[in-house]
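# Topology and contacts: notes
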Amino acid sequence: MRAVLVIGIGMGAPDGLTFRAVEALGQADVFFLLDKSEGAGDLVTARQALIARFGKPSHRVVRAPSPKRAPAPLDTARKTYEGAVADWHDARAHLLAGLIATELAEDETGALLVWGDPMLYDSTLRVLERAQGQADFNIEVFPGVTALQMLCAAHAIPLNAIGEEVALTTGRNVAAATPQARAFAVLLDDGSGLAALMARGFDGHIWWGANLGTAGEVLLAGRLGEVGPAIPEARARVKAARGWVMDVWLARVAPGGPG
Ligand SMILES: C[S@@+](CC[C@H](N)C(=O)[O-])C[C@H]1O[C@@H](n2cnc3c(N)ncnc32)[C@H](O)[C@@H]1O
């Protein structure tokens, strides 16, 4: 039976991989790389370097252009957005099922490298489950270190206060409404989530990090009212310097503040 290993690669640095992920990289016969056309050269280079360093000598690399997701309006058309994502997943599932069936022999092992950990805001496992409807293969997951873990480690903070819940959400959701939880961790923010929170006068603390675990890492922390204005500027500087920016943040209502 064919197998597909889904390997979490953390922030792409060799020293941030788990030992099991390194072993998994050495097991794969074929690495599937679905290229997105947009920049982020560092991210592509990081994957290629891991394969070159830890892949077995006989490994093969199969590249294919990743299907593009149709653009969808931001806040108002959730159904349209979800529909566009579902179509995109279908297209990727179809592509992967075809690659697995044609590029992997019956007893061979393929691998997909996933940024951070595959359980966090990543569609690979959903897409592979769909692809299993079109091709026969097993899935095995190797966890990686997430951007959220990197954020907490970089600031030397625990994610939750004692016994506190933490909402895990996206910039899009924060732009629509401040999460009810006293603390919320935000990924996938194009800046609109943070801008909306500041515009609402959110009174709390923020821990922010961009391009964590890479040479371009930048951190900011403090009361949102004080450090908030510096974040979009820092974000723009990282983007200009590296050609890409990914940021993650944790916000917590000030002790005694409105819950
Ligand atoms: C598609 S999600 C993937 C998350 C990933 N699976 C993980 O476990 O971290 C991409 C988002 O993760 C966050 N992210 C990924 N890499 C990051 C990094 N090096 N520094 C800061 N945030 C990062 C950003 O919020 C980005 O928009």
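Residues numbered from 1 in each chain as written. Predicted model: local features only at pLDDT ≥ 70, side-chain atom pairs only at ≥ 80, totals over all residues. Heavy atoms only, no water.

### Here's the deal with the packing of aromatic side chains
The geometry of two aromatic rings is summed up by the distance between their centres and the angle between their planes. Tallied over the full model, the rule gives 2 aromatic pairs. Between Phe184 and Phe202, the aromatic rings sit 5.6 Å apart at their centres with planes inclined by 70 degrees, giving edge-to-face as the arrangement. Within this pair, whereas Phe184 is found in strand 7 (residues 183-187), its partner Phe202 is found in the loop between helix 7 (192-199) and strand 8 (204-210), the two being separated by 18 residues in sequence. Measuring from centroid to centroid gives 6.3 Å for Phe184 and Trp249, while their planes differ by 70 degrees, and the two rings are edge-to-face. With Phe184 in strand 7 and Trp249 in strand 10 (residues 247-253), this residue pair connects regions lying 65 residues apart in the sequence. (Phe/Tyr/Trp six-rings, centres within 6.5 Å; stacked < 30°, edge-to-face > 60°. Helix = DSSP H or I, 4+ residues; strand = E, 2+ residues; numbered from the N terminus.)

### Looking at the side chain of Asp189
With respect to the helices and strands, the residue Asp189 is situated in the loop between strand 7 and helix 7. The buried charged residue Asp189 lacks any salt bridge, with Arg235 as its nearest oppositely charged partner at 6.3 Å. Looking at Asp189, its side chain comes within polar contact range of the main-chain nitrogen of Gly191, at 3.0 Å. Those residues in contact with Asp189, other than ones at most four positions away along the chain, are Gly171, Leu194, Arg235, Asp247 and Trp249. (Buried < 20%, exposed > 50% of the residue type's maximum accessible area, 1.4 Å probe, protein only. Lys, Arg positive; Asp, Glu negative; His and termini not counted. Salt bridge = Lys/Arg side-chain N within 4 Å of Asp/Glu carboxyl O. Polar contact = N/O pair within 3.5 Å; in protein donor to acceptor, adjacent residues only side chain to side chain. Contact = heavy atoms within 4.5 Å.)

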